[in-house]
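Chain residues, written in single-letter form:
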Amino acid sequence: MMDTKLKAELQPVGNDIQDMKNEIRNVKLFQENALLPHLETIESCYTDTYTRYRNYADRMVAMSGLRLYRNSSAINVSNQLAELHMP
């Protein structure tokens with residue numbers, strides 16, 4: 001008598017637990033099939049953009065160095081020409 005009464009009271013709890021398990025399974029499937037592919041696409045875009053910016057920054061540093069070298073060379077040549085033209 002007591003066992004059947006206890007089982008009857010626990011049955012709704014067991015049903016709720018099973019419903020929660022089904023909901024969790026559905027959420028996991030949604031994450032796997034819908035969210036993760038979109039996140040991977042977003043990650044890929046950000047990674048590609050980061051790589052382009054990093055490469056561009058490296059080139060900018062190199063170009064800046066070349067510009068400084070060119071400017072210093074131009075100043076040196078200008079000074080040398082000025083010395084040649086001074087009487």
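The coordinates are above.
In short, a report on the structure. (Residues numbered from 1 in each chain as written. Predicted model: local features only at pLDDT ≥ 70, side-chain atom pairs only at ≥ 80, totals over all residues. Heavy atoms only, no water.)

**Observations regarding the overall build of the chain**
If you tally the helices and strands in the chain, you get 1 helix and 0 strands. The 87 residues of the chain split such that 0% are buried. Accessible surface computed for the chain: about 8400 Å², of which carbon and sulfur atoms make up 63%. (Helix = DSSP H or I, 4+ residues; strand = E, 2+ residues; numbered from the N terminus. Buried < 20%, exposed > 50% of the residue type's maximum accessible area, 1.4 Å probe, protein only. Areas by Shrake-Rupley, 256 points an atom, 1.4 Å probe, with all protein chains shown as cover.)

**Some points on a nonpolar patch on the surface**
Taken together, the side chains of F30, L35, L36, L39, I42 and Y46 present a nonpolar region at the surface, about 620 Å² in accessible area. Along the chain, L39 falls in helix 1 (residues 2-85). (Patch = residues over 30% accessible without salt bridge, like charges linked within 9 Å, V, L, I, M, F, W, Y side chains within 5 Å. Salt bridge = Lys/Arg side-chain N within 4 Å of Asp/Glu carboxyl O.)

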